[in-house]
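A look at the structure
One-letter residues, chain by chain:
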Amino acid sequence: MRAVLTALTLSMLATTGAQAAGGGTYAIRLLTPETALKAVNAAVADCRKRGFQVAVAVVDRSGIAQALLRDRLAGPHTVQTAISKGYTAISFRTDTLEFARLTAPQSPAAGIRQIPNVVAVGGGVQISAGGQLLGAIGVSGAPSGEADELCAKAGIEAIRDEIEL
């Protein structure tokens, strides 16, 4: 009986050790609110220098808005559009300029654009560091998706030193 209990105990310890080593959970990195806000502010500043009034949102790994700023004259639609661009980039693990190309109206994937909150216009860029996806930034209000993306990348560049391992 004692041998059975010992074997059972060792088996349980081995299982617990395996789970602790990555079997049942995993660790992720998240942006701090301060870092998300810094990216948003930098993207708005970059767009202002270019003469654009925009809204900028940083979303977390789940696509939920973490930081948001709308410049004074940015249209009311830009707030939700910025969030949705970030959501799209994080959901499909693809920056939205590329996503727009991949889901063009006559492509086999065109129907994916009909999913609620999906925006197939440039300006949604993934934020990653050290091989991990941390979130995404969405910019809306510049005259083109390409211009929105430039501002989004400026926001990411402003936090690069803080997010690299």
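Quantities reported herein were computed from a predicted structural model and do not represent experimental measurements.

Analysis parameters
Residues numbered from 1 in each chain as written. Predicted model: local features only at pLDDT ≥ 70, side-chain atom pairs only at ≥ 80, totals over all residues. Heavy atoms only, no water. Pairing = 2+ DSSP bridges. Helix = DSSP H or I, 4+ residues; strand = E, 2+ residues; numbered from the N terminus. Axes fitted to C-alpha atoms, helices over the stretch in contact; angles between N-to-C directions. Contact = heavy atoms within 4.5 Å. Disulfide = S-S within 2.5 Å. Buried < 20%, exposed > 50% of the residue type's maximum accessible area, 1.4 Å probe, protein only. pLDDT = per-residue confidence, 0-100. Core = buried A, V, L, I, M, F, W, Y, C linked by side-chain atoms within 4.5 Å. Phe/Tyr/Trp six-rings, centres within 6.5 Å; stacked < 30°, edge-to-face > 60°.

Observations concerning the sheet that holds strand 2 (residues 65-70)
Spatial strand order, 2-1-4-3: four strands in an open sheet with antiparallel pairing. Among the strands making up the open sheet, the edge pair consists of strand 2 and strand 3 (124-129). Looking at each pair of strands side by side, their axes are set apart by 15° on average, direction ignored. Across five bridges, the pairing between strand 1 (residues 55-59) and strand 2 is antiparallel. Its bridge partner being in strand 2, valine 56 is matched across the sheet by leucine 69. Relative to strand 2, helix 2 (residues 33-49) is tilted by about 30°, and along the sheet it contacts strand 1, strand 2 and strand 4 (132-140).

Looking at the state of the cysteines
Note on terminology: a disulfide is the covalent bond linking the sulfur atoms of two cysteines. Under the definition given, this model contains one disulfide. A sulfur-sulfur separation of 2.1 Å characterises the disulfide bridge that pairs cysteine 47 with cysteine 151. Taking the torsion about the sulfur-sulfur bond, which here is approximately 115°, the covalent link between cysteine 47 and cysteine 151 counts as right-handed. In this pair, cysteine 47 is assigned in helix 2 and cysteine 151 in helix 5 (residues 145-163), connecting sequence segments 104 residues apart. Among the residues examined, cysteine 47 registers a relative accessible area of 0% and is labelled buried. Cysteine 151 sits in the buried class, given a relative accessible area of 0%.

A few points about the environment of proline 143
By secondary structure assignment, the location of proline 143 is in the loop between strand 4 and helix 5. Given a relative accessible area of 66%, proline 143 falls into the exposed group. Considered as a pair, proline 143 and glutamine 53 are 90 residues apart in the sequence and their alpha carbons are 9.6 Å apart.

Remarks on the pairing of strand 1
Strand 1 sits mainly inside the fold: five of its five residues count as buried. A two-sided burial pattern is seen for strand 1, the buried positions comprising Ala55, Ala57 and Val59 on one face and Val56 and Val58 on the other. Bridge count for strand 1 against strand 4 is five bridges, and the pairing is antiparallel. Paired with alanine 57 across the bridge in strand 4 is glycine 138.

A few points about the confidence of the model for the protein
Reading predicted coordinates in detail is not appropriate for stretches of low pLDDT. Taken over all residues, the pLDDT of the protein has a mean of 90, while the share at 70 or more is 86%. Contacts from residues 1-20, a stretch scored under 50 in pLDDT, to residues over four places away or in other chains number two contacts.

Digging into the nonpolar core
The nonpolar side chains of a soluble globular protein tend to be buried, and buried together. Counting residues in each nonpolar core, the largest one holds 25 residues, and the members touching the most others are Val54, Val56, Val58, Ile127, Ile137 and Val139. Looking at this core, the elements that each hand over two or more residues are helix 2, strand 1, strand 3, strand 4 and helix 5. One finds Ala57, Ala82, Leu133 and Ala136 within the second-largest nonpolar core, a separate group that totals nine residues.

A few points about the pairing of strand 3
Where strand 3 lies against strand 4, six bridges are found, and the strand directions are antiparallel. From the neighbouring strand, serine 128 faces strand 4, where its bridge partner is leucine 133. With antiparallel pairing between neighbouring strands as the criterion, strand 3 and strand 4 make up a hairpin whose turn holds two residues, including glycine 130 at a positive phi of roughly 60°.

Thoughts on the packing of aromatic side chains
Tallied over the full model, the rule gives one aromatic pair. Centroid distance phenylalanine 92 to phenylalanine 99: 4.8 Å. Interplanar angle 35°. Geometry classified as tilted. With relative accessibility at 26%, the residue phenylalanine 92 sits in the partly exposed group.

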